[in-house]
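# A structural walkthrough
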Amino acid sequence: MFQDSVSCICMLLCHAAGLGMSFDIVSLDAPGATGSYDSHFASKAAVACDALISRGFDFALVHVKAVDDTGHDRLLAMKVKFLEVIDRMIGHILVRLHDTEQLHYQLHQAERQAWQDRLVLEQPEQQQQQEQPDSTQRYAICITG
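Reading the values: rules and limits
- Residues numbered from 1 in each chain as written.
- Predicted model: local features only at pLDDT ≥ 70, side-chain atom pairs only at ≥ 80, totals over all residues.
- Heavy atoms only, no water.
- Helix = DSSP H or I, 4+ residues; strand = E, 2+ residues; numbered from the N terminus.
- Contact = heavy atoms within 4.5 Å.
- Areas by Shrake-Rupley, 256 points an atom, 1.4 Å probe, with all protein chains shown as cover.
- Expected span 1.5 Å × (residues − 1).
- Buried < 20%, exposed > 50% of the residue type's maximum accessible area, 1.4 Å probe, protein only.
- Phe/Tyr/Trp six-rings, centres within 6.5 Å; stacked < 30°, edge-to-face > 60°.
- Lys NZ or Arg CZ within 6 Å of the ring centre and 35° of its normal.

## Quick notes on the overall build of the protein
Secondary structure assignment for the protein yields five helices and four strands. Beginning at the N terminus, the succession of helices and strands in the protein can be written as β-α-β-α-β-α-α-α-β. The long-range share in the protein, meaning contacts at least 24 apart out of those at least 6 apart in sequence, stands at 59%. Total accessible area computed for the protein in this model is approximately 9,300 Å², and 55% of it derives from carbon and sulfur atoms.

Structure representation (structure tokens):
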């Protein structure tokens, strides 16, 4: 995992949240998440994205119990439906993280240009000693079901 990483878990189940606490993983509540077939999956995705983008988390685990339950309940058609829902949810997560990364990139390009402009005024030996700021955002997200 990442050095000095901060992780979060987006799920409803108490035993899973307890497991997360064992590993210093913060449990976040997603409005409308029920841990059942009527759960608000978009809310879980939004909470995970917000945690990664705005709250300083490096890793988010999103558990979708409905996919697991459909297998136990032998509801093949519903399992396919929920896998399609999860597929769309992952798509929304990827788009949001990509859009955020693009915004960060544009902001850091302006910072990088200012840094390069400043170096032009300095002596060449000082230029070699300074490093450019790292503008790469690193996220890890895991969707389980």
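Next comes the rest of the write-up.
## Digging into helix α2 (residues 41–53)
The terminal C-alpha atoms of α2 lie 18 Å apart, and with 13 residues this matches the ideal 18 Å at 1.5 Å per residue to within 8%. The set of residues buried in α2 consists of F41, S43, K44, A45, V47, A48, C49, A51 and L52.

## A word on the packing of aromatic side chains
With the rule as written, the count across this model stands at two aromatic pairs. Aromatic pair Y37 and F82: ring centres 5.6 Å apart, planes at 15°, arrangement stacked. One end of the pair, Y37, is in the loop between β2 (25–28) and α2; the other, F82, is in helix α4 (residues 76–120), and 45 residues separate them in sequence. The exposure class of F82 is buried, given its relative accessible area of 2%. Ring geometry for F41 versus F82: centroids 5.6 Å apart, planes at 70°, classification edge-to-face. You can see F41 sitting in helix α2 and its partner F82 sitting in helix α4, a full 41 residues away along the chain. The burial state of F41 is the same as that of F82; both residues are buried. Above the plane of the ring of F82 lies K81, whose end atom (NZ or CZ) is 4.9 Å from the centre.

## Remarks on the side chain of T70
Structurally, T70 can be placed in helix α3 (residues 65–72). Excluding residues that lie within four positions of it along the chain, T70 makes contacts with Y37, L75, M78, K79 and F82.

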